[in-house]
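Listed here are the chains, written in short residue letters.
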Amino acid sequence: MLKIRKFTCENLEKGCVTDAIHPRFSFSTESDIPGAKLANARLSLGKWSIDTTEQIAIPYEGEALEPFTAYEAVIEVTDDAGETAAASLLFETGRKNVSWQGQWISDDSYHFTEKKVSPVPMVFRKKFHLDKPVRSARIYVTAMGIYEIGLNGRKAGEEYFAPGFTSYSKRLQYQTIDVTKLLYKENQLLVTVAGGWAVGSFVFTRKNRISADRQALLLELRILYEDGSKEVIGTDESWEVTEEGPWRAADIYDGETYDATVDTEQILWKKASLEKLRVQPVLFAATGVSVKAHERMSPISCRMTSEGLIYDFGQNFAGVVELTIKGKAGQKVTVRHAEVLRKNGTLNTDFLRSAKAKVEYICKEGEQVYSPRLTYMGFRYICIEGIEQENVKVSALALYSDVAQNGTFSCSDERLNRLQQNILWSARSNFMDIPTDCPQRDERMGWTGDIAVFAPTACYNFDMSRFFEKWLQDMKAEQLPTGGIPNTIPSQGYGFPATMPVMAVDFWGDACVLVPWAEYQARGDRKILEDNYDMMVKYVDACRFWAGFFSIGKHRYLWHTPSVLHFGDWVAPDVSHMSQWQKRSKWTATASLAHTSGLLAKIAEILGKETDQNKYGALSRKTAEAYCQLLSDGNGRMKQEFQTAYVLPLHFGMFPREVRKKAADNLAELVEQNEYRIGTGFPGTPYILFALADNGRADTAYKMLLQDTCPSWLYEVKMGATTIWERWDALDEKGNCPIGDDGTDMMISYNHYASGAVGDFLYKRVAGIEMLEPGYKRFQIRPVINEALARAEGSVETPYGKIVSYWSKAEGEFHIHLEVPMGTVCELILPDGTRENVSCGSYERSCRI
């Protein structure tokens, strides 16, 4: 039987509100007939329709869509056996450039001048009366700051930290919230706006008022009555404002203070004032993935210490506590957060640096529930003071962008299964509207280098389509005039290299190429390449300029600008100081240029840009030649040996074919000398196991993967890690935190996904699932087996459906079960070399090993 498995508009199955001129539709199908193929699909929207066999990102090409309108799209499919199926979806258009009737409002009497802190939250109020029955009502809202909306005492919307984190000077999202069921005859709308990223303190320098002098609100409530008439209630001077609301403080890093005794009917309200913003961003319907509450976490233990009640949730994560309290009016309950404990069992907050990571709740009388709304923490442990254990019930909510999980991995080694869970939890913890580096200290910034190397792993585990599309638009908006990419996106108060307007930084800036490329491979929508192509070209050209700066001959392709302008082999564990990581930038930067220019040549070919294809293909080849001829002996041995120096040219295909095996053997020798422990930093870690396994040294790759002494992935697991660490030595064998000056100012995070990029090897080589054509239209299942594992399983949701690979081995027999989605072809390669192409269906295959 033929079925429509999934049908989306702008990568959403439901709840899509879009300002897109040509919204994109995608669908997948399934059939119980082996080998079934799609013969035709008809996509219809109003009077427009198209017949196609494409399934990914089909653009609407009909008449212009009206603003503020609900539409139904229908997909009808037929397979090669004549069976049919159909599905429909509803989506809405947003404002589509309709001018706002509401105006920006604030409190012009509030002058916020303090440094390194966030402003007091503002509360805006509007009371209004409705005379007629309501058919539908939508709030369209944005803010300078982050907002929470209450309508008649009930929360409107599920999001945290709206309107989200964007490049506020250029781009600002607005949200659309259905409030039809929240309206009565007499109504009160309360909107709390905290400083957030736009006005509050941000980055480790704790800069504030980056995008605005104070908070501001822009809102419209658009009502459609049952009789067909309409009304718009917008922000203007008829609104009221106060700084005396229940939120007494709110800061991304420091936490929040909430006073439940505040009665909003008894505090002083003032007339709101119109606000002229310092910046004039384009306002657009939200395109990203909003932050929502997901897993509810329960503590696994509680004990009293000298500092208070210590609760252990058993899992490091990003989120907020939820407390059910029996309290007395005026009683203050304080909650502090940390990732690790000291030896005496109290919270270790040293590595939070200036972040206080604390919430304070002032109780009202009786039973009450409190959970922060205007901040979040990264933590496993909390300490509660000010209340007895019997008077508080404790849980917590994991917060992260609402990205759907679409990949799985498991195997016969429970340590690797824990590693996979650590990868997932670190990703969740750092997908907080943007891809952050860490969720706990005074950073939580959109570091480009972390996601550049992690993107393939992210795209396997989660549907990153909307998340990446929105973030890349901010990157494009902030690209420097000469092509460089700020190291954090949005940069939002962080200077380097934005203060050096001609600079480009390898691997960190590479995110503008590596992230859209990873998403294109996973999802097959070439629009992400089209939208970001000019940015990629400007960046690679900037890299080429700096590589050739004051150089001649082959050296023109060796990128060797001063190491302080690079991150180099960041956090490589075989050297102990930041300056030593940076001094490897000649290797990392040159390999980066060879790789990004080579990818850009492929992208140019996909987009039909032949001149660029030839230009960047030649640049990639010449850069690879320079690396091999100037940094190696020409026979596969590096003149200065360290793991990353071999890994990058091996994985990027830079070594000539005739010396590749020698280079891999030299890398394997280095790894063996280091007792199979990791020696790579951010640039090399994602690729080291591929560099070995794909060049005849799978045995060495597996020994490195399964090593459990420091530094290694499984050392972290052995030490009880539940997320990926920033540094391999974040705890020693005795559970002590490292002490010493490595130049990074206490840079120790226990929730940092970058080295979790090893997940890509688990999925592509251990489970064996690898994309051959974008979107997995064609893919390969070719497990790399090893005596250490008896079985492994992986699955991934693709634009065409779910791929499954499950293999096991025993007594010299290898067996595999695979599932192939309709519309795809799988190239199966068994360990004995047997090859077979299979299409839609489930299969069992075996061979002797």
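Notes on the structure follow. (Residues numbered from 1 in each chain as written. Predicted model: local features only at pLDDT ≥ 70, side-chain atom pairs only at ≥ 80, totals over all residues. Heavy atoms only, no water.)

**Brief notes about the overall build of the protein**
- Each helix and strand counted, the protein has 14 helices and 42 strands in total.
- The globule rule puts the C-alpha radius of gyration for 849 residues at 29 Å, and the 28 Å found for the protein is close to it.
- Structurally, the protein occupies a C-alpha span of about 80 × 70 × 60 Å along its principal axes.
- A total of 849 residues make up the protein; the buried ones form 61% of that total.
- For the protein, restricting intrachain contacts to residue pairs at least 6 apart in sequence, the fraction spanning at least 24 positions comes to 73%.
- As displayed, the protein offers around 31,600 Å² of accessible surface, 48% of which is attributable to carbon and sulfur atoms.
- Of the charged side chains in the protein, 97 are positive and 111 negative, and the gap between their average positions amounts to 2 Å. (Helix = DSSP H or I, 4+ residues; strand = E, 2+ residues; numbered from the N terminus. Rg over C-alpha atoms; globule rule 2.2 N^0.38 Å. Buried < 20%, exposed > 50% of the residue type's maximum accessible area, 1.4 Å probe, protein only. Contact = heavy atoms within 4.5 Å. Areas by Shrake-Rupley, 256 points an atom, 1.4 Å probe, with all protein chains shown as cover. Lys, Arg positive; Asp, Glu negative; His and termini not counted. Charge placed at Lys NZ, Arg CZ, Asp CG, Glu CD.)

**Quick notes on the packing of aromatic side chains**
- Tallied over the full model, the rule gives 48 aromatic pairs.
- Ring centres of F204 and Y494 lie 5.6 Å apart, and the angle between their planes is 75 degrees; on these two criteria the pair is classed as edge-to-face. Taken as a pair, F204 in the loop between β15 (186-194) and β16 (216-225) and Y494 in the loop between α3 (465-478) and α4 (511-523) lie far apart in primary sequence, 290 residues in all.
- Classification of F204 by relative accessible area gives partly exposed; the value is 33%.
- On the basis of relative accessible area, Y494 is assigned to the buried category, the value being 15%.
- The ring of Y140 has R95 lying over it, and the distance from NZ or CZ to the ring centre is 5.9 Å.
- Here the guanidinium or amino end of K132 rests over the ring plane of Y225, the centre of that ring lying 4.7 Å away. (Phe/Tyr/Trp six-rings, centres within 6.5 Å; stacked < 30°, edge-to-face > 60°. Lys NZ or Arg CZ within 6 Å of the ring centre and 35° of its normal.)

**Section: the environment of R428**
- Examined against the element boundaries, R428 turns out to sit in helix α1 (residues 414-430).
- The class for R428 is buried, based on a relative accessible area of 8%.
- Taking the C-alpha atoms as reference points, R428 and V333, 95 residues apart in sequence, are found 28 Å from one another.
- When near neighbours in sequence (up to four residues on either side) are disregarded, R428 contacts E295, L399, Y400, Q405 and F462.

**Some details on helix α9 (residues 643-651)**
- Counting buried residues in α9 gives eight out of nine residues, a clear majority hidden from the surface.
- By the burial criterion, the buried members of α9 are Q643, T644, A645, Y646, V647, L648, P649 and L650.
- Contacts from the buried residues of α9 go to α7 (585-606), α8 (610-631), α10 (657-673), α11 (688-693) and α12 (698-706).
- Backbone geometry just after α9 places G653 at a positive phi near 70 degrees.

**A closer look at the pattern of salt bridges**
- In this structure the tally under the stated criterion is 67 salt bridges.
- R135 is paired through a salt bridge with E226; the nearest N and O atoms lie 3.7 Å apart. Taken together, the residues R135 in strand β11 (residues 134-144) and E226 in the loop between β16 and β17 (230-234) connect sequence positions 91 residues apart.
- Taking relative accessible area as the criterion, E226 reaches 45% and is therefore assigned partly exposed.
- A salt bridge links R765 to E770; its shortest N-O distance comes to 2.8 Å. Both residues of the pair, R765 and E770, belong to the buried class.
- Salt bridges here are not isolated pairs; linked through shared partners, they connect R353, D437, R441, D442, E443 and E726. (Salt bridge = Lys/Arg side-chain N within 4 Å of Asp/Glu carboxyl O.)

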